[in-house]
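Fold and geometry: a report
This is what each chain is made of:
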Amino acid sequence: MSSFAPIRLFLSALVFGLASTLSAQTSQPAAPTPTPPAIKEPTHADLLRGAYGPYRANNDLLFYRLELRVDPAKKFISGTNTIRFKMLADGTRIQLELFPTLQIDKVAMGKSTLKYERDGGTFFVDFPRTLRAGHTYSIDVHYSGSPVETGRFGCFTFKQDSAGRPWINTACEETGASVWWPNKDQWRDEPQDGMEINVSVPNGLMDVSNGKFMGKKDLGDGYTRWAWKVHYPINNYDVALNIGNYVHFDDKFGNLPLDYYVLPEDLDGAKRQFAQVPGMMKAYYHYFGEYPFKKDGYKLIEVPYAGMEHQSAVAYGNHFHNGYLDRDWTGVGISPRFDFIIIHESGHEWFGNAITAADKSDMWIHEGWTTYLECLYVEYNYGHEDEVKYVNALKKKVKNDRPIITARGTNAEPPQDQYFKGALFINTLRSIVDDDAHWFALIHDFYQHFKYQNIMTEDVEQFFNQQTGINLTPVFDQYLQHTAIPTLQLKFDEPAGTVQYRWQADEKAFAMPVRVGLKEHWEIIHPTTEWQTMKTPLTKDHFDVATDLYYISVDRVDKQATQ
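Conventions adopted
Residues numbered from 1 in each chain as written. Predicted model: local features only at pLDDT ≥ 70, side-chain atom pairs only at ≥ 80, totals over all residues. Heavy atoms only, no water. Helix = DSSP H or I, 4+ residues; strand = E, 2+ residues; numbered from the N terminus. Buried < 20%, exposed > 50% of the residue type's maximum accessible area, 1.4 Å probe, protein only. Contact = heavy atoms within 4.5 Å. Core = buried A, V, L, I, M, F, W, Y, C linked by side-chain atoms within 4.5 Å. pLDDT = per-residue confidence, 0-100. Pairing = 2+ DSSP bridges. Axes fitted to C-alpha atoms, helices over the stretch in contact; angles between N-to-C directions. Salt bridge = Lys/Arg side-chain N within 4 Å of Asp/Glu carboxyl O. Polar contact = N/O pair within 3.5 Å; in protein donor to acceptor, adjacent residues only side chain to side chain. Parallel < 35°, antiparallel > 145°, perpendicular 65-115°, else oblique. Left-handed = near helix turned anticlockwise from the far one by under 90°. Phe/Tyr/Trp six-rings, centres within 6.5 Å; stacked < 30°, edge-to-face > 60°. Lys NZ or Arg CZ within 6 Å of the ring centre and 35° of its normal. Nonpolar A, V, L, I, M, F, W, Y, C, P; charged D, E, K, R; others polar. Disulfide = S-S within 2.5 Å.

1. Some words on the side chain of Q276
- Mapped onto the secondary structure, Q276 falls in the loop between α4 (267–273) and α5 (277–288).
- When its relative accessible area of 16% is taken as the criterion, Q276 is described as buried.
- Beyond its immediate stretch of four places on either side in the chain, Q276 contacts N322, F338 and D339.

Written as structure tokens, this is what we have:
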């Protein structure tokens, strides 16, 4: 970790200010919150998918080898997933997932056929003898059927391009990868040794999947097998098929290969638009370090939906225009300067793919951080003033109708506030640190510390607490575990030249420094949930708060008017 002696002095003063106000703290009523929308009770299937139950926890994934044959005419798939795992405890059963719309043809260990029990989208594999802790085993799951198109982007879709040729793609983050292949369909455990993906498609079509291209083979029966090798752990929803009449062109960023796959009619537009990729890489390298999947390279692949962060195989469907789906995404004139899908979905290679939430409930670690990466991209290319404008434009997208973090172990989808409120919260942390040299070193070290790990919010919180020397837990909890944002309450006594101030928040221990007064000469105060008083020559109408640097609300009142 980096060391910054002058910054440590600043942080010591900040901690002293926080500690002195916290010592006099008393309990305050919680801030009023809007009535949250009705939250769907988890079903039996949700709990099976969401919980890390005993038949998941008793084993550790090591490797997948997926062999798949895709028949576009019949909209039919058939294949085998070989699953290698190490037992962490003695046991005779493990849990896997495959949507009930697909048939399990056989589960085998070597030459032995294994029994299994299906429960909706979950199936339990039973072994005739005890598998021993510390030992490695491998099973083959043979399956077939017609995937059902479902979810936001279809999960597994059989479409056609403008020339009438098959165009088949996957995008399964919300619904789950088991909609089209059998796997341990959760986020906590990724195959540590990576994955092989071999996809056979009719001659004349190409499959582009994750990882490094290992070659193609004509099978002699009208099909060609396309082979890919993933050299890193991979989240199951990142695993992707992209089958079509693709043409390929490439570029390099230093020694990192950049490979692009698009339909022939879009080649010119892609060459124009994908020229933004090296600049995107330059910005993210600057803040976080090199691309995390160098052995696999970086791919950008045209798809018929908006886009997805499939690891080393980013899906692109932004019409080869800047902005997002032909509009100014943030509405302040900055989004049209760059291609939103390239910048956002590629940012997930760092946050979402290299660092992955261990449970779906903590998905803000993917989306809040990647949305903040957009802001950093803007700052790197256009300056801090535009970054401030960009991040504040996200406020109008926040609903604040339920907490960002959902119930754990329930497979519940977090609200969209995870994107925008998540980024605004991170920007607020930057203002709490109040030293950009330290902040940029801090987020760089945060990423490097957790790279290739599956983490929870508590891990993020603990890291920032330790590295700043500040107890940020109440701040994390207020923004992530509650609906309302903190309100800075100000009571002005203009005849006396004073103002009383405190935070109104759900967290009784909430304490956060904030800049107030005149924008040209900010003064940092350290409110808690206990009233404090300061002298000020400014009237209520001239006493400003740096709301562009913190995601907060402000309530100003005249003390005399309330008496």
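2. Focus: the nonpolar core
- In this structure, F274, M281, Y298, W364 and F464 are the most contacted members of the largest nonpolar core, which totals 109 residues.
- If near-sequence neighbours (up to four positions away) are discounted, F464 is found in contact with W369, W439, L442, I443, F446, G469, L472 and F476.
- Of all hydrophobic cores here, the second largest spans 54 residues; its members include M109, V179, L205 and L263.

3. Concerning the confidence of the model for the protein chain
- Averaged over every residue, the pLDDT of the protein chain is 93; residues scoring 70 or more account for 93%.
- Between residues 1–33, whose pLDDT stays under 50, and residues either more than four places distant or in other chains, the model counts 62 contacts.

4. Here we look at the sheet that holds strand β19 (residues 307–308)
- Sheet architecture is open: five strands sit in the order β16-β17-β18-β20-β19, paired in mixed fashion. Because the sheet does not close on itself, it has two edges, and the strands there are β16 (247–253) and β19.
- Judged from the three bridges that link them, strand β18 (residues 298–302) and strand β20 (residues 314–316) form a sheet pairing that is parallel. Along β20, the bridge assignment pairs L300 with V314.
- Against the sheet, helix α6 (residues 340–347) engages β18, β19 and β20, with an angle of about 160° to β20.

5. Points about the pattern of salt bridges
- Enumeration according to the criterion identifies 20 salt bridges in this entry.
- Among the ionic pairs, K360 bridges to E413, the shortest N-O distance being 3.0 Å. In this pair, K360 is assigned in the loop between β21 (355–357) and α7 (364–382) and E413 in the loop between α8 (384–392) and α9 (417–433), connecting sequence segments 53 residues apart.
- By relative accessible area, E413 is classed as partly exposed at 28%.
- In this structure, R430 engages E387 in a salt bridge whose closest nitrogen and oxygen atoms are separated by 4.0 Å. You can see R430 sitting in helix α9 and its partner E387 sitting in helix α8, a full 43 residues away along the chain.
- Exposure remark for R430: the relative accessible area of 4% places this residue in the buried category.
- Accessibility expressed as a relative area gives 1% for E387, which makes it buried.
- Connected through salt bridges with shared partners, the residues E379, E387, R430 and D436 form a single ionic network.

6. Side note on the environment of H444
- Topologically, H444 is positioned in helix α10 (residues 436–450).
- Put simply, H444 and G289 are 155 residues apart on the chain and 7.2 Å apart in space, counted from C-alpha to C-alpha.
- Apart from the residues lying within four places of it in its own chain, the contact partners of H444 are Y287, F288 and G289.
- In this structure the side chain of H444 is engaged in a polar contact, spanning 3.1 Å, whose partner is the side chain of D445.

7. Thoughts on the packing of α7 against α10
- For the pair α7 and α10, interaxial distance at closest approach is 14 Å and the crossing angle is 135°. Relative to α10, the element α7 lies oblique. Crossing of α7 against α10: the hand is left-handed. Only W439, F440, I443 and F446 of α10 make contact with α7, whose side of the interface consists of W369, Y372, L376 and E379.

8. Considering the environment of V247
- Locating V247 in the fold gives a position in strand β16.
- Exposure remark for V247: the relative accessible area of 27% places this residue in the partly exposed category.
- Placed 19 residues apart in sequence, V247 and D266 show a C-alpha to C-alpha distance of 9.5 Å.
- Once you skip the residues sitting within four places of it in the chain, V247 turns out to touch Y260, Y261, V262, L263, P264 and L267.

9. Examining the sheet that holds strand β5 (residues 112–113)
- Strand order across the open sheet formed by eight strands is β5-β4-β8-β2-β1-β11-β14-β13, with mixed pairing between neighbours. A strand with exactly one partner marks an edge of an open sheet, and here the two such strands are β5 and β13 (212–218).
- Sheet topology note: the strand β11 (residues 195–202)/strand β14 (residues 223–230) ladder contains eight bridges and is antiparallel. Residue S200 lies in a different strand from β14, and its bridge partner there is R225.

10. Topic: the packing of aromatic side chains
- All chains considered together, the criterion is met by 56 aromatic pairs.
- Ring geometry for F213 versus W226: centroids 5.8 Å apart, planes at 35°, classification tilted. You can see F213 sitting in strand β13 and its partner W226 sitting in strand β14, a full 13 residues away along the chain.
- Geometrically, the ring pair formed by W503 and F510 is edge-to-face, given 5.6 Å between the ring centres and 90° between the ring planes. No difference in accessibility class separates W503 from F510, as the two residues are buried.
- Across from the ring centre of Y52, 5.2 Å away, lies the NZ or CZ of R188, which sits over that ring.
- A cation over a ring is seen here: K271 above F249, with NZ or CZ 5.9 Å from the ring centre.

11. Topic: the packing of α5 against α6
- Packing of α5 against α6 brings their axes to within 10 Å, and their N-to-C directions diverge by 40°. One element, α5, and the other, α6, form an angle in the oblique class. Along this stretch, α5 crosses α6, giving a crossing that reads as right-handed. Contacts between α5 and α6 involve V277, M280 and Y284 on the former and, on the latter, I342, I343, S346 and G347.
- Tallied by class, residues from the contact of α5 with α6 come to five nonpolar, two polar and no charged.

12. Considerations on the state of the cysteines
- Applying the stated rule across the entire model yields zero disulfides.
- The thiol of C172 is not disulfide-bonded; the next cysteine sulfur, from C155, is found 4.4 Å away.

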